[in-house]
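Residue-level structure breakdown
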Amino acid sequence: MEKSLVLIKPDGVYRALTGRIISRFEDAGFKITAMKMLIPERKLVEKHYDSLRRNDEWLNSVGSKLKGKDGISNKTERELGLTVWNQLVDYLSGKPIIAMVIEGNEVVSSIRKIVGSTEPKSAEPSSLRGSLSNDSYGLANANNRPIRNIIHASSSVSDAEEEINVWFKKEEILDYERADERIQYY
Ligand code: IDP
Ligand code: MG
């Protein structure tokens, strides 16, 4: 079965939303096969987001939303993107988060749908980000911080494999059968 890596970011933990978030994944038929609560060091978060730091398309796109803002317009879009990347790493470092491996049929794309798009303000209102937050690019940029969107979810099967290796050892991922798996899948 396909696997995804999900993090409940510090805003989700501080706002006591963890139970409701986990329930949404379980209710959709997905199986949690690893879970831990931890306060990650910056190095671990840097590793998790390493592919974004090397992704010029992401850096330029994030930076372009800041370009022209007073006082920082002398930086390139890529440099502004790197500033946001650093803020993103700070946002998750040294604060409580929950990391999970979730398994199921085409789970990566289904979980992205349940989580919703990056900006809570424009995420589907039925999604987790759209129903549990109203943060926007405008507010995040005005306050010089990354979007607070409660959850991270892997965006592809190959990203999921890399991200799972960042957060979990092989033996921490459990093999068991959910009681309704036969009804769902066999
Ligand atoms: P995703 O979490 O929806 O996959 P990514 O593009 O992978 O979004 O970005 C990672 C995280 O970086 C987002 O979840 C959000 O917290 C933050 N972020 C993304 N784009 C921006 C932006 O334009 N401004 C501020 N923060 C951003
Ligand atoms: Mg992403």
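Along each chain, numbering runs from 1 in the same order as the chain's sequence is written. Each chain takes a letter, starting from A, and each ligand takes a number, starting from 1, following the order in which they are written. Residues qualify for local features only when their pLDDT is at least 70, as the model is predicted, and side-chain atom pairs are given and counted only at 80 or more; totals for whole chains, interfaces and linings, by contrast, use all residues. Each side-chain value is worked out from all heavy atoms of the structure, with water and hydrogens disregarded.

Membership of the largest hydrophobic core comes to 23 residues, with the highest contact counts inside it found for Val-6, Ile-21, Phe-25, Met-100, Ile-102 and Ile-111. Strands here mean DSSP runs of E at least two residues long; helices mean DSSP runs of H or I at least four residues long; both are numbered from the N terminus. Every element with two or more residues in this core is listed here: β1 (2–8), α2 (18–27), β3 (97–104), α7 (107–115), α8 (128–132) and β4 (151–153). With five residues, the single largest contributor to this core is α7. If we skip the residues at most four places from it in the chain, Ile-102 touches Glu-2, Lys-3, Ser-4, Val-6, Phe-25, Phe-30, Lys-31, Ile-32, Val-107 and Ile-111. Buried Ala, Val, Leu, Ile, Met, Phe, Trp, Tyr and Cys residues that are joined via side-chain atoms within 4.5 Å together make up what is termed a nonpolar core. Working definition: with a 1.4 Å probe on protein chains only, accessible area under 20% of the residue-type maximum means buried, over 50% means exposed, and in between means partly exposed. In terms of nonpolar packing, the next biggest core, distinct from the first, is built from 20 residues, Leu-38, Leu-52, Val-89 and Trp-167 among them. The contact rule is simple, with two residues in contact once any of their heavy atoms fall within 4.5 Å.

Nearness of a residue to a molecule or strand requires only that one of the residue's heavy atoms be within 4 Å of it. Around ligand 1, a shell composed of 14 residues is seen, among which Trp-58, Lys-65, Arg-112, Thr-118 and Asn-149 lie nearest. One nitrogen or oxygen atom from the side chain of Trp-58 is found 2.8 Å from an oxygen atom belonging to ligand 1. Arg-112 is positioned with one of its side-chain polar atoms (N or O) 2.8 Å from an oxygen atom of ligand 1. The accessible surface values rely on the Shrake-Rupley method and a 1.4 Å probe; as for residues, cover is taken only from the protein chains in view. In isolation ligand 1 offers 530 Å² of accessible surface; the protein chains occlude 92% of this area. If you list the elements that add at least two residues to the shell around ligand 1, you get α5 (56–66) and α6 (77–92). No other element matches α5, which puts three residues into the shell around ligand 1. When grouped by side-chain class, the residues that make up the shell around ligand 1 number eight nonpolar, two polar and four charged. Contacts described as polar in this section are N or O atom pairs within 3.5 Å, which, within protein, must combine one atom able to donate a hydrogen with one able to accept it, while residues neighboring in sequence count only if both atoms come from side chains. Under the scheme applied here, ten amino acids are nonpolar (Ala, Val, Leu, Ile, Met, Phe, Trp, Tyr, Cys and Pro), four are charged (Asp, Glu, Lys and Arg), and all others, including Gly, are polar.

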